[in-house]
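Structural characterization, general
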Amino acid sequence: MRILLTGGAGYIGSHTTLTLLEHGHDVVVVDDLLNSKRAAVERVESLSGRTVPLHVFDLRDETRLDQLFARERFDAVIHCAGLKAVGDSVARPLDYYGNNLDSTFAVLAAMARHDVRRLVFSSSATVYGENAPLPCQEDHRPLSATSPYGQTKVMIEQVLTDVASARDGLRVALLRYFNPVGAHPSGRIGEDPQGVPNNLMPVIARVAVGRLDRLQVFGADYPTADGTGERDYIHVMDVAMGHLRALEHLDAMVQPARAFNLGTGTATSVLQLLAAFERACGHPLPYDVVPRRPGDVPANWADPARAQQELGWRATRGIDEMCADTWRWQSQNPSGYPER
Ligand code: NAD
Ligand code: UD1
């Protein structure tokens, strides 16, 4: 298939591009590079030995998007582009609603004009909100989220479901990622958050490489096995493979839009992840326990049964592999990607 991958220079998008190329698909990337670097796409090209056209513009530029669709005749779209920083979305809600919703509307309009009928969307476990029973199951209602970022995912899922119901032949997979971590085993591509990272794995990786002094553990008084927060960490290469399986499944889908959890089904605590990373990097990592972070839930993990049954997909990589691959990427690229 000839695939438009939006946000293909980003963390999930770059790993997904590589997986698609390795399985014989052609990929064209649109990315505005606001939260990513051109080098990510160049490294995907060198790892795959294939060319990946990168078009640097904001998806909300409907004229350029239309011209691209007219030229390329896509068979499918994977829509990973979006702003994703939770705290930032609380401070700048209009930027998040504007970017994430309007770019999705632009993609949908171009798909309709050029009769493209397959769409895979990057959603998030954040749509389960604070009160969903565990493990999270796709049919849980109502969806809700605790941040403007999360609300954009809830709203876009609804928009995509309505549009798919109205447009004959359109099929949409809503992939709800849990906590993607890790990197390609080559160490050539990985997660390179701009500015101060908020998520646990990039913070641990920066402590390990000496870019940060210590990890702050947000709360050790949760009702969990060791008192620290538990999450469903999933290797980014498993997430990438989930996109391939979803793409292959779209034509067989009975419902116009369907949600799938991409998680492992197991929870790992902050201290367990830290210990696994210490094993991977071979030295102890200093940390302090500090008060809970507002908005955090004690524990969260997926029921991955639907993706297993319907997509034939399941996560195959464990916590040790996630940490070893993150460490390889971070130690080989201590400052992330070069500017060019
Ligand atoms: P990322 O920031 O690394 O990649 C997103 C890319 O989209 C960036 O390169 C950014 O510059 C680009 N982009 C944003 N708005 C754009 C626009 N209007 N036009 C063109 N390009 C634009 O993020 P990621 O971790 O790869 O996440 C990809 C998707 O998955 C996002 O939608 C995110 O919300 C979702 N998601 C990520 C996680 C996670 O932990 N990484 C978890 C759940 C869901
Ligand atoms: C967060 C977002 C979620 C988003 C996801 C992936 C919130 C409330 N949720 O999820 O919407 O989809 O990132 O981008 O922000 N932790 C520490 N110290 C740190 C960082 C984290 O102890 O420096 C702990 C947290 O308290 C949590 C766990 O590590 O228990 C995982 O945190 P994080 O990686 O930020 O992911 P989530 O909170 O699950």
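As a starting point, this report considers the structure included with it. (Residues numbered from 1 in each chain as written. Chains lettered and ligands numbered in written order. Predicted model: local features only at pLDDT ≥ 70, side-chain atom pairs only at ≥ 80, totals over all residues. Heavy atoms only, no water.)

Description of the overall build of the protein chain
- The number of helices and strands found in the protein chain is 11 helices and 13 strands.
- The globule rule puts the C-alpha radius of gyration for 340 residues at 20 Å, and the 19 Å found for the protein chain is close to it.
- A principal-axis box enclosing the C-alpha atoms of the protein chain has dimensions of 55 × 45 × 40 Å.
- In the protein chain, which comprises 340 residues, the proportion classed as buried is 54%. (Helix = DSSP H or I, 4+ residues; strand = E, 2+ residues; numbered from the N terminus. Rg over C-alpha atoms; globule rule 2.2 N^0.38 Å. Buried < 20%, exposed > 50% of the residue type's maximum accessible area, 1.4 Å probe, protein only.)

Quick notes on the nonpolar core
- Formed by 42 residues in total, the largest nonpolar core has its most connected members in Leu 20, Ile 78, Val 120, Leu 175 and Leu 247.
- In this view, Leu 175 contacts Val 120, Phe 121, Ser 122, Ser 123, Ser 124, Gly 242, His 243, Ala 246, Phe 260 and Leu 262; residues no more than four positions away in its chain are not counted. (Core = buried A, V, L, I, M, F, W, Y, C linked by side-chain atoms within 4.5 Å. Contact = heavy atoms within 4.5 Å.)

Section: the site of ligand 2
- Within the structure, ligand 2 sits among 19 residues, and Leu 200, Gln 216, Arg 231, Arg 293 and Asp 296 are positioned closest to it.
- Asn 179 places a side-chain nitrogen or oxygen 3.0 Å from an oxygen atom of ligand 2.
- Note that an oxygen atom of ligand 2 is positioned 2.9 Å from one of the backbone N or O atoms of Phe 218.
- The protein chains hide 87% of the 740 Å² of surface that ligand 2 would expose on its own.
- Counting residues per element, the shell around ligand 2 draws most heavily on strand S8 (residues 215–218), which supplies four residues.
- A breakdown of the residues in the shell around ligand 2 according to their chemical character gives eight nonpolar, eight polar and three charged. (Near = heavy atom within 4 Å. Polar contact = N/O pair within 3.5 Å; in protein donor to acceptor, adjacent residues only side chain to side chain. Areas by Shrake-Rupley, 256 points an atom, 1.4 Å probe, with all protein chains shown as cover. Nonpolar A, V, L, I, M, F, W, Y, C, P; charged D, E, K, R; others polar.)

In short, shape yes, function no, at least from these values alone.
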